[in-house]
Amino acid sequence: MTQPAPAAEAATHKSTPADGGSPWRTAFARADVRTLSLLGVLAALIVIGGITQPDSFLDSDNVQLILTQASVIGVVTVGMTFVIISGGIDLSVGAIVALASVWATTVATQEYGFAGILFTAVIVGMGCGLVNGLLIAYGAIVPFIATLAMLAAGRGLALQITDGKTQMVTVDGVLKLGERDSYILGIPPLVLVFAAVTVAGWLILNRTTFGRRSVAVGGNAEAARLAGIDVRRQRLYLYLLSGLCCGIAAFLLIILSGSGQNTNGNLYELDAIAAVIIGGTLLSGGRGTITGSVLGVLIFTTIQNIFALNNLETATQQIAKGAIIVAAVLVQRRSATTT
Amino acid sequence: MPSHTSRRGLLFGAAALSTGALITGCTSNESKDDDSDDKSQQVADDRPGKKVTIGFAGPQADHGWLNAINDNAKKRAEKYADVTLEATEGSNDTAAQIGQVETLINKKVDVLVVLPADGKALTQVGLKAMRAGIPVVNLDRVFASPQAYRCWIGGDNYGMGLSAGHYIGEKLKDKKNARVVELAGLDNLELTKQRSKGFDDALKNYPNIKKVARQAADFTVESGQSKMSQLLQAQKNFDALWNHDDDQGVGALRAIKQAGRDDFLMVGGAGALSAMQAIEADNSVLKATVLYPPTMAASAIDLARALGQGKGINGMAEFEIPSFVTCYSAVVDKENVGQYMSTGFK
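Keep in mind the model is a prediction, meaning the values are calculated, not measured. (Residues numbered from 1 in each chain as written. Chains lettered and ligands numbered in written order. Predicted model: local features only at pLDDT ≥ 70, side-chain atom pairs only at ≥ 80, totals over all residues. Heavy atoms only, no water.)

## A look at the overall build of chain A
And then number 1: Summing up its helical and strand segments, chain A has 16 helices and 2 strands in all.
And then number 2: Every one of the 339 residues in chain A was classed for burial, and the buried ones make up 53%.
And then number 3: If you take every contact in chain A between residues at least 6 apart in sequence, the share linking residues at least 24 apart comes to 78%.
And then number 4: Summed over all atoms, the accessible surface of chain A reaches about 13900 Å², with 67% contributed by carbon and sulfur. (Helix = DSSP H or I, 4+ residues; strand = E, 2+ residues; numbered from the N terminus. Buried < 20%, exposed > 50% of the residue type's maximum accessible area, 1.4 Å probe, protein only. Contact = heavy atoms within 4.5 Å. Areas by Shrake-Rupley, 256 points an atom, 1.4 Å probe, with all protein chains shown as cover.)

## Some details on the overall build of chain B
And then number 1: Helix and strand content of chain B: 13 helices and 12 strands.
And then number 2: Sorting the 346 residues of chain B into buried and exposed places 59% on the buried side.
And then number 3: Accessible surface, chain B: about 14500 Å² in total, of which carbon and sulfur atoms supply 50%.

## Some remarks on the layout of surface pockets
All names here are of chain B.
And then number 1: Each pocket or cavity is described by its volume, and for the second largest pocket that value is around 680 Å³.
And then number 2: If one sorts the elements of the lining of the second largest pocket by residue count, helix H10 (residues 246-259) sits on top with 7 residues.
And then number 3: By residue class, the composition of the lining of the second largest pocket is 11 nonpolar, 9 polar and 8 charged. (1 Å grid on protein atoms, 1.4 Å probe; cavity = no way out; pocket = protein on both sides within 12 Å on 5 of 7 lines; lining within 4 Å. Points joined across faces, edges and corners; volume = space filled by probe spheres on them. Nonpolar A, V, L, I, M, F, W, Y, C, P; charged D, E, K, R; others polar.)

## A short note on helix H10 (residues 189-207) of chain A
And then number 1: Spanning 19 residues, H10(A) covers 26 Å between terminal C-alpha atoms, matching the ideal 27 Å at 1.5 Å per step.
And then number 2: Burial in H10(A) covers these residues: A:Pro189, A:Leu190, A:Val191, A:Phe194, A:Val197, A:Thr198, A:Gly201, A:Trp202, A:Leu205 and A:Asn206. (Expected span 1.5 Å × (residues − 1).)

## Some points on the pattern of salt bridges
Residues and elements named next belong to chain B.
And then number 1: If you walk through the whole model with that rule in mind, you get 26 salt bridges over all chains.
And then number 2: When the shortest N-O distance is used, the salt bridge between Glu 320 and Arg 150 registers 3.8 Å. Placement of the pair is Glu 320 in the loop between helix H12 (296-309) and strand E11 (324-326) and Arg 150 in the loop between strand E4 (136-139) and strand E5 (151-154), with a sequence separation of 170 residues.
And then number 3: You can call Arg 150 partly exposed: its relative accessible area is 21%.
And then number 4: The closest approach of N and O atoms between Lys 197 and Asp 201, which form a salt bridge, is 3.0 Å. Of the two residues, Lys 197 and Asp 201 both sit in helix H8 (residues 190-203), 4 residues apart, roughly one turn of that helix.
And then number 5: Look at the salt bridges and you will find they share partners, linking Glu 182, Asp 187, Lys 193, Asp 200, Lys 211 and Arg 214 into a network. (Salt bridge = Lys/Arg side-chain N within 4 Å of Asp/Glu carboxyl O.)

## Some thoughts on the pairing of E5(B)
Residue and element names in this part refer to chain B.
And then number 1: Every second residue of E5 is oriented toward a common face, with Cys 151 and Ile 153 on one face and Trp 152 and Gly 154 on the other, all of them buried.
And then number 2: Summarising the sheet, E5 and E11 pair through 3 bridges and their orientation is parallel. Following the sheet pairing, Gly 154 is matched in E11 by Thr 326. (Pairing = 2+ DSSP bridges.)

## Observations concerning the interface of chain A and chain B
And then number 1: Counting residues at the interface gives 38 residues for chain A, matched by 31 residues for chain B.
And then number 2: When chain A packs against chain B, close to 2800 Å² is buried across both sides, 42% of that on carbon and sulfur atoms.
And then number 3: Linking chain A with chain B are 3 salt bridges, by the criterion used here.
And then number 4: Measuring nitrogen to oxygen at the nearest pair gives 3.5 Å for the salt bridge that ties B:Lys257 to A:Glu179. (Buried area = accessible area lost by both parts, 1.4 Å probe.)

## A look at the environment of B:Gln215
And then number 1: Looking at where B:Gln215 falls in the secondary structure, it is placed in strand E7 (residues 209-216).
And then number 2: The class for B:Gln215 is buried, based on a relative accessible area of 1%.
And then number 3: Note: C-alpha distance between B:Gln215 and B:Gly271 (56 residues apart in sequence) is 21 Å.
And then number 4: When neighbours within four sequence positions are excluded, B:Gln215 is seen to be in contact with A:Phe307, A:Ala308, A:Asn311, A:Leu312, A:Gln317, B:Glu182, B:Leu183, B:Ala184, B:Lys227 and B:Leu231.
And then number 5: A polar atom in the side chain of B:Gln215 sits 3.0 Å from the backbone oxygen of A:Leu312. (Polar contact = N/O pair within 3.5 Å; in protein donor to acceptor, adjacent residues only side chain to side chain.)

## Topic: the sheet that holds strand E12 (residues 331-333) of chain B
All names here are of chain B.
And then number 1: The mixed open sheet is built from 6 strands, whose spatial order is E7-E6-E8-E9-E10-E12. On the outer flanks of this sheet lie E7 and E12, each paired with one strand and no other. On average, adjacent strands in this sheet sit at an angle of 20° to one another, irrespective of strand direction.
And then number 2: Across 3 bridges, strand E8 (residues 240-243) lies against strand E9 (residues 265-270) in parallel orientation. Across the sheet, the residue bridging to Leu 241 is Met 266, located in E9.
And then number 3: Against the sheet, helix H11 (residues 273-281) touches strand E10 (286-291) and E12, its axis set at about 140° to E10. (Axes fitted to C-alpha atoms, helices over the stretch in contact; angles between N-to-C directions.)

## Thoughts on the nonpolar core
And then number 1: By size, the foremost hydrophobic cluster in this structure holds 81 residues, and its most contacted members are B:Trp65, B:Val113, B:Leu139, B:Ile153, B:Met228, B:Leu241 and B:Val267.
And then number 2: The leading source of residues in this core is H12(B), at 8 residues.
And then number 3: For B:Val267, the residues in contact, after removing those within four places along its chain, are B:Ala164, B:Tyr167, B:Ile168, B:Leu241, B:Trp242, B:Asn243, B:Leu286, B:Ala288, B:Thr289 and B:Val290.
And then number 4: In terms of nonpolar packing, the next biggest core, distinct from the first, is built from 73 residues, A:Leu99, A:Val102, A:Ala121 and A:Leu295 among them. (Core = buried A, V, L, I, M, F, W, Y, C linked by side-chain atoms within 4.5 Å.)

## Some words on the packing of H10(A) against helix H11 (residues 209-219) of chain A
Helix-helix packing is described using two parameters, namely the angle between the two axes and the distance between the axes.
Residue and element names in this part refer to chain A.
And then number 1: In the contact formed by H10 and H11, the axes pass within 5 Å of each other and the chain directions differ by 70°. As far as their axial angle goes, H11 and H10 are roughly perpendicular. Counted together, Ile 204, Leu 205 and Arg 207 of H10 and Thr 209, Phe 210, Gly 211, Arg 212 and Val 215 of H11 form the full contact between these two elements. (Parallel < 35°, antiparallel > 145°, perpendicular 65-115°, else oblique.)

## A closer look at the sheet that holds E5(B)
Residue and element names in this part refer to chain B.
And then number 1: Here 6 strands make up an open sheet; going across it, the order is E2-E1-E3-E4-E5-E11 and the pairing parallel. Each end of this open sheet is capped by a strand with a single partner; those strands are strand E2 (83-87) and E11. Between one strand and the next, the sheet's axes are offset by a mean angle of 15°, whatever the strand orientation.
And then number 2: Helix H4 (residues 64-79) rests against strand E1 (52-57), E2 and E4 of the sheet, and its axis sits at about 150° to E2.
And then number 3: Along the sheet face, helix H5 (residues 94-106) touches E1, E2 and strand E3 (111-114) and points at about 170° away from the line of E1.

## Thoughts on the UniProt feature "domain: Periplasmic binding protein" (unreviewed entry) in chain B
And then number 1: In the numbering used here, UniProt assigns the feature "domain: Periplasmic binding protein" (unreviewed entry) to residues 54-311 of chain B.
And then number 2: Regarding residues 54-311 of chain B, the helix share stands at 46% and the strand share at 20%, and the terminal C-alpha atoms are separated by 15 Å. (UniProt positions renumbered as here; feature names shortened; annotations may be inferred.)

And the structure:
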């Protein structure tokens, strides 16, 4: 296993436990081209940004800005990638981020300082993920419905906790992390967390039994069960993992915005799903990559940044965003099938 | 309760001002003095009168301002011994809200106060209430037909833009080639367009000022932070920023702090407590906020009570309450923030 990163990654995705040697090469080539085409889209965007706004787009502040803004949704997307690879869906991610962020910023929690906020965010995220997982794995409720219910209930609970009010963060240590003084070698701490979650996600998916089982469950749940995988427990863990990612994302959002609000994480479910799909993960499960998803997030964030720098109107932004999603998927599918 | 009375007086004063045109139109040349004794018995005041049940269908409080609307209505109703408030659960859903208003009609409340999720969509049920003999006080988001309400009270979005534009204009009028940036609210809403239009119209009075960028956020802290940080990146220098909403302003201020910028003045919108505190402290770029007063909900209860008791309102010559009351979008800055602090919402 000494291939460069994307190759190794691609290889393992395709190779479910039943998969042996021969499809290995083609799988590697395919997924690699997929990743390259995404990099191509990103490069094209960077060129567009550089041409339209040469002064502001390419300076280091803006690169930091893009990466920072990608961090929150990026962490959510890593969790979503696992869920979708396993053939599931998690519509509740935005609501979980909202709930975790408002719970973690309630006045009582803030008395316990930095650790209190972080701990609460993560626990609330995992708690929601656990409920999702139990409903889906042991309650036999389809993921779409179970997580839709969590979306509604989570948003409702977040609204009830805040009473519609914005909860300001008063813990200095948390606020500082979002400001320039805390950059490590010019990298905002949020971006480091995003990078760490990405690497961890990649390792779990490609180098662990857990990762292989996730792919196997998504590819063919019945076959996976016959192969001795405890499919239900695996599903439970996957939604728990997604909830954990939401909890971490909520903490990042608290750092970024200095507050908790029940409207946090608005439409994250759609943004995360779009990034995962653009990243080449099959919505039906069984195949997918963390690298692709993260590139998908970066593409989205870069587009938004270019729009704002060029002062585009909201309507134009939305139309262009739609067009770019379709273009990215088309380019990707084309390059994947022609190889 | 002296502060209460003065605020009340202020609101009714504003009501009187904004309906000035109406009054001059209606009163003709009859001598008002002759009726004044007779009229004084008709005016609503704090003394308990005929019992009135007011049905209130408010919005889902998922935003600071909307929350303040519900609070204001409930608190004002509690103040009156003769008022019973039948408040429904707030809703953003048109169908659900229609159902709630119909329930209130069936309960035969005396007067209805409705802040519709969507004014146009709630028009039919407003008409139904009026036909059933229940006068409707339409709060803020206006029904499509004047027949659907007895009285409308609400804010002035265009006026907010005007006030913000004039305030910024006066601050920058001596500066050559001044540059202004606008962080608008949710572009899907008509009110956002009205605020921008008012702002642009006001800036036309100051040819030295140019609006160099406008981006829309979603009225949330998160969107405010995200859009503002990009605006700051795009505009390396500008002199003033108008932000439509103080909730998203929390995020915008955070982005400004994160970017380490302090080379411009910022004017907010709506009148959140946090904004007023920042203006009072005077330690950030936020120097003023333009009101969209949530106290209009308290005034709506006053008007509904007066309607239910068949009385006019203090400070006006009419026997009846006015049919249209537009709240003024006052600018709150360091000079007058003390006066408005109590109306700031969390």
